Amino acid sequence: MERGRSHLPPVQVVRALVETELARMPDALLREALRTLLVEPQLQQRDFPEGPPGARYPTWLVAQSRDFPIGLAYSELGFGPSTPWGYVSVNHLSLGDHSQWHATLDGAFKASGIWRRES
């Protein structure tokens, strides 16, 4: 079951959301560290383990670790809209669990541990 395709923001909107989130990050060092990991937003259909059986939601991968199988993602569905930013496995197309999703990209980045590992 795929949901939300008709409500998908275009890639330009996702890029703008990322830039807005970056501008809100209070720590310039973290902001620049995250900026180096940004990728062209990639639309993926990810499993939602906490949803109905077979649920898959559109998710935008917006950043990816160079050294670890972790990415940062945006999804208005699944755990959104109050927590639309999450860290996800790049090896498995799953949204993961609720603890991986945050209100801000900054929160998802910090919780992912990527910044500690790559600094």
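The rules we used
- Residues numbered from 1 in each chain as written.
- Predicted model: local features only at pLDDT ≥ 70, side-chain atom pairs only at ≥ 80, totals over all residues.
- Heavy atoms only, no water.
- pLDDT = per-residue confidence, 0-100.
- Helix = DSSP H or I, 4+ residues; strand = E, 2+ residues; numbered from the N terminus.
- Contact = heavy atoms within 4.5 Å.
- Pairing = 2+ DSSP bridges.
- Axes fitted to C-alpha atoms, helices over the stretch in contact; angles between N-to-C directions.
- Buried < 20%, exposed > 50% of the residue type's maximum accessible area, 1.4 Å probe, protein only.
- Arc of directions from axis to C-beta.
- Salt bridge = Lys/Arg side-chain N within 4 Å of Asp/Glu carboxyl O.

Visitor: So what's going on with the confidence of the model for the protein? Residues and values would help.
Guide: Summing up the model confidence of the protein, the mean pLDDT is 90 and the portion of residues at 70 or higher is 91%. Considering each helix and strand of the protein separately, the mean pLDDT is smallest for helix α4 (residues 114–118), with a value of 67, and largest for strand β3 (residues 70–74), with 98. pLDDT under 50 marks residues 1–6. Its contacts with residues more than four places away, or in other chains, come to 13 contacts.

Visitor: Got a sec to walk through the sheet that holds strand β1 (residues 38–47)? Specific residues and values, please.
Guide: The five strands lie next to each other as β1-β2-β3-β4-β5, forming an open sheet whose pairing is antiparallel. What marks the edges here is a single partner per strand, and that holds for β1 and β5 (101–102). Pairing analysis gives four bridges linking strand β2 (residues 56–64) to β3, with the strands arranged antiparallel. Opposite Gln-64, over in β3, you have Gly-71 as the bridge partner. Running over the sheet, helix α1 (residues 11–24) touches β1, β2, β3 and β4 (85–89) and is turned about 115° from β1. Here helix α3 (residues 105–112) sits on the sheet and contacts β3, β4 and β5; the angle it forms with β4, its principal contact strand, is near 35°.

Visitor: How would you explain helix α2 (residues 28–35) if you had to name every residue and give the values?
Guide: Where α2 is concerned, the buried positions are Leu-30, Arg-31 and Leu-34. The buried side chains of α2 occupy one side of the element, clustering within an arc of 100° when seen end-on.

Visitor: Lay out the pattern of salt bridges with the relevant residues and their values.
Guide: Any two side chains of opposite charge can pair, so long as their charged atoms come close to each other. Inspection of the entire model under this criterion finds six salt bridges. Salt-bridge contacts for Arg-24 lead to Glu-21; the nearest nitrogen and oxygen are separated by 3.4 Å. A residue pair is termed a helical-turn pair when its members lie 3 or 4 positions apart in one helix, as Arg-24 and Glu-21 do in helix α1 at three residues. Judged by relative accessible area, which is 59%, Arg-24 ranks as exposed. Residue Glu-21 is classed as buried on the basis of its relative accessible area, which comes to 9%.

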